[in-house]
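Now for the letters of each chain:
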Amino acid sequence: MSETSAPSRPVTPVPRMPFALGYGTNGFTDHPLDVTLDVLAHEGYGAVALTLGHPHLDPFADDADVQVARLRGRLEDLGMRVVVETGTRFLLDPFRKHHPTFLDPDADLADLRVRFLCRAVEVAAGLRAECVSFFSGVLPVGTTAEQGWERLLARVPRVVAHARDHGVRLALEPEPGMLVETVADALRLRKDVGAPDELGVTVDLGHCVVVEPDGVRGALLAAAPHLLNVQVDDMRPTAHEHLPFGDGELDLALALGTLGEIGYTGVAAVELPRHSYDAPRLAHRSMTAMTDAWAAWHQTTAGSASTPQEALR
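Everything quoted here is computed from the prediction, not taken from an experiment.

Cut-offs and rules
- Residues numbered from 1 in each chain as written.
- Predicted model: local features only at pLDDT ≥ 70, side-chain atom pairs only at ≥ 80, totals over all residues.
- Heavy atoms only, no water.
- 1 Å grid on protein atoms, 1.4 Å probe; cavity = no way out; pocket = protein on both sides within 12 Å on 5 of 7 lines; lining within 4 Å.
- Points joined across faces, edges and corners; volume = space filled by probe spheres on them.
- Helix = DSSP H or I, 4+ residues; strand = E, 2+ residues; numbered from the N terminus.
- Nonpolar A, V, L, I, M, F, W, Y, C, P; charged D, E, K, R; others polar.
- Pairing = 2+ DSSP bridges.
- Axes fitted to C-alpha atoms, helices over the stretch in contact; angles between N-to-C directions.
- Buried < 20%, exposed > 50% of the residue type's maximum accessible area, 1.4 Å probe, protein only.
- Lys, Arg positive; Asp, Glu negative; His and termini not counted.
- Salt bridge = Lys/Arg side-chain N within 4 Å of Asp/Glu carboxyl O.
- Polar contact = N/O pair within 3.5 Å; in protein donor to acceptor, adjacent residues only side chain to side chain.
- Contact = heavy atoms within 4.5 Å.
- Expected span 1.5 Å × (residues − 1).
- Right-handed = clockwise from strand over helix to strand, strands pointing away.
- Left-handed = near helix turned anticlockwise from the far one by under 90°.

*Asks:* I'd like a description of empty space enclosed by the protein, backed by residues and values.
*Replies:* Space left empty within the atom packing is revealed by a probe, the size of a water molecule, rolled over the atoms. According to the stated counting rule, one finds 1 cavity of 30 Å³ or more in the structure shown. Counted as a void, the largest cavity has a volume near 40 Å³. In terms of lining residues, the largest cavity is bounded by P174, E181, V183, T202, V203, D204, H207, C208 and E212. Take the lining of the largest cavity: its biggest share by element is 3 residues, from strand β6 (residues 199-204). Class assignment of the residues belonging to the lining of the largest cavity gives a composition of 4 nonpolar, 2 polar and 3 charged.

*Asks:* Would you mind going over the sheet that holds strand β2 (residues 47-51) in detail, with residue names and values included?
*Replies:* Reading around the barrel, the 8 strands line up as β1-β2-β3-β4-β5-β6-β7-β10 and close back on themselves, with parallel pairing between neighbours. Going from strand to strand, the sheet's axes swing by 30° on average, the running direction of each strand aside. Where β2 lies against strand β3 (residues 81-85), 5 bridges are found, and the strand directions are parallel. From the neighbouring strand, T51 faces β3, where its bridge partner is E85.

*Asks:* Mind laying out the side chain of D233, listing which residues take part and the relevant values?
*Replies:* Tracing the sequence through the fold places D233 in the loop between β7 (227-232) and β8 (234-236). With no salt bridge to any partner, buried D233 finds its closest opposite charge in R274, at an N-O distance of 11 Å. For D233, the side chain forms a polar contact with the side chain of H242, separated by 3.2 Å. Here D233 is in contact with D204, L205, G206, H242, L243, F245, L250, E271 and L272, once residues within four sequence places are set aside.

*Asks:* If you had to explain helix α4 (residues 145-166) to someone new, which residues and values would you point to?
*Replies:* Compared with an ideal rise of 1.5 Å per residue, which puts 22 residues at 32 Å, α4 spans 31 Å between its outermost C-alpha atoms and is within 8% of the ideal. Among the residues making up α4, those that are buried are G148, W149, R151, L152, R155, V156, V159, V160, H162 and A163. If you follow the buried residues of α4, they end up packed against α3 (107-127), β4 (132-134), β5 (170-172) and α5 (183-192). Looking one or two places after α4, you find G167, whose phi comes out positive at around 65°.

*Asks:* Tell me about the layout of surface pockets, and please be specific about residues and values.
*Replies:* Of the voids in this model, the largest pocket is the one considered here, and its volume is about 640 Å³. Together, 29 residues line the largest pocket, and N26, G87, R89, H98 and P273 are the ones closest to its centre. Mapped onto the lining of the largest pocket, the elements with two or more residues apiece are β4 and β9 (239-243). Considering every element that reaches the lining of the largest pocket, the biggest residue donor is β9, with 3 residues. Residue composition of the lining of the largest pocket, by class: 6 nonpolar, 15 polar and 8 charged.

*Asks:* So what's going on with the side chain of H162? Which residues, and what values?
*Replies:* Considering the arrangement of structural elements, one finds H162 in helix α4. Residue class for H162 comes out buried when judged on its relative accessible area of 18%. Here E122 takes part through its side chain, which lies 2.9 Å from a polar atom of the side chain of H162. Excluding anything up to four places from it in sequence, H162 contacts C118, V121 and E122.

*Asks:* Can you break down the pairing of β6 residue by residue, with the values?
*Replies:* With 6 of 6 residues buried, β6 is to be regarded as a mostly interior element. Running through α5, the crossover from β5 to the neighbouring parallel element β6 is right-handed.

*Asks:* Would you mind going over the packing of helix α2 (residues 64-78) against α3 in detail, with residue names and values included?
*Replies:* Between two packed helices, what matters for the description is the angle formed by their axes and the separation of those axes. Following both chains from N to C, one finds α2 and α3 inclined at 35°, their axes separated by 8 Å at the closest point. Like other packed secondary-structure pairs, α2 and α3 cross with a definite hand, here right-handed. Across the interface between the two elements, A64, D65, V68, L71 and R72 from α2 touch R119, V123, G126 and L127 from α3. Considering only residue class, the contact of α2 with α3 consists of 5 nonpolar, 1 polar and 3 charged.

Quick look at the structure:
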């Protein structure tokens with residue numbers, strides 16, 4: 001008598017990600033920009049997060065506009081989307097990274113940050129970038145949180161107005177240790193400056209491990225209505241250190257699955273600014289990790305009735 005085989009379970013196809021996977025150029029500082037784009041295209045990336053400044057595109061160079069036009073053509077040829085990042089370490093001050101900021105007590109120094117971001121807006125307009133991502137800055141010694149907040153309210157609207165004039169969106173990134181540290185802080189600032197349409201939020205998934213009280217899923221659900229940009233990296237709860245996937249405690253499947261649930265359609269770019277020495281291998285490893293995590297999420301949730309609307313309730 002022949003044995004009857006148990007019916008095989010149907011394999012649920014994995015849907016396409018609604019967002020574009022990208023990689024940050026600050027993780028490719030040992031490669032020229034054109035070569036960086038070649039590597040990313042080879043690995044299947046559909047977007048790039050361009051950090052302005054050394055070594056790829058100095059926004060203050062005499063031929064910056066020519067470079068921007070050429071880069072726009074290259075991105076179009078590759079079919080790549082682009083966001084502009086402004087976390088350049090020593091562009092404005094050769095001795096102190098990320099200085100000056102909006103929070104500087106010296107108005108002239110703070111104006112350097114404002115002018116840099118306005119210039120970033122102009123570059124983004126030339127690239128037809130999806131947004132310009134920026135941060136608040138660390139509270140200076142001797143400055144209270146209330147004073148810092150007043151400076152943000154006085155200075156951020158100047159950049160917002162410039163973005164409005166150029167048809168560019170801005171995405172405020174909460175950073176561990178900065179005045180705007182969490183998604184709740186970013187949403188509060190957005191509200192306090194009048195909730196302009198041009199101003200949204202960047203969420204770094206690794207940061208959520210360190211500072212977000214409700215974790216990565218809670219942060220993404222809170223940011224969802226204004227989420228314009230996502231940075232993707234691993235992190236441990238004890239340190240603000242960007243790590244390759246698997247070296248920290250980020251639940252990557254949960255993070256990407258939540259992005260899918262909320263209907264995010266922007267760029268999600270890997271952010272490994274201290275790993276340029278191993279950039280090509282990490283670009284490959286990161287793409288594999290993200291596609292595997294996306295597939296794992298959908299295998300786990302196959303048959304669930306959850307929808308983006310349900311996730312936001």
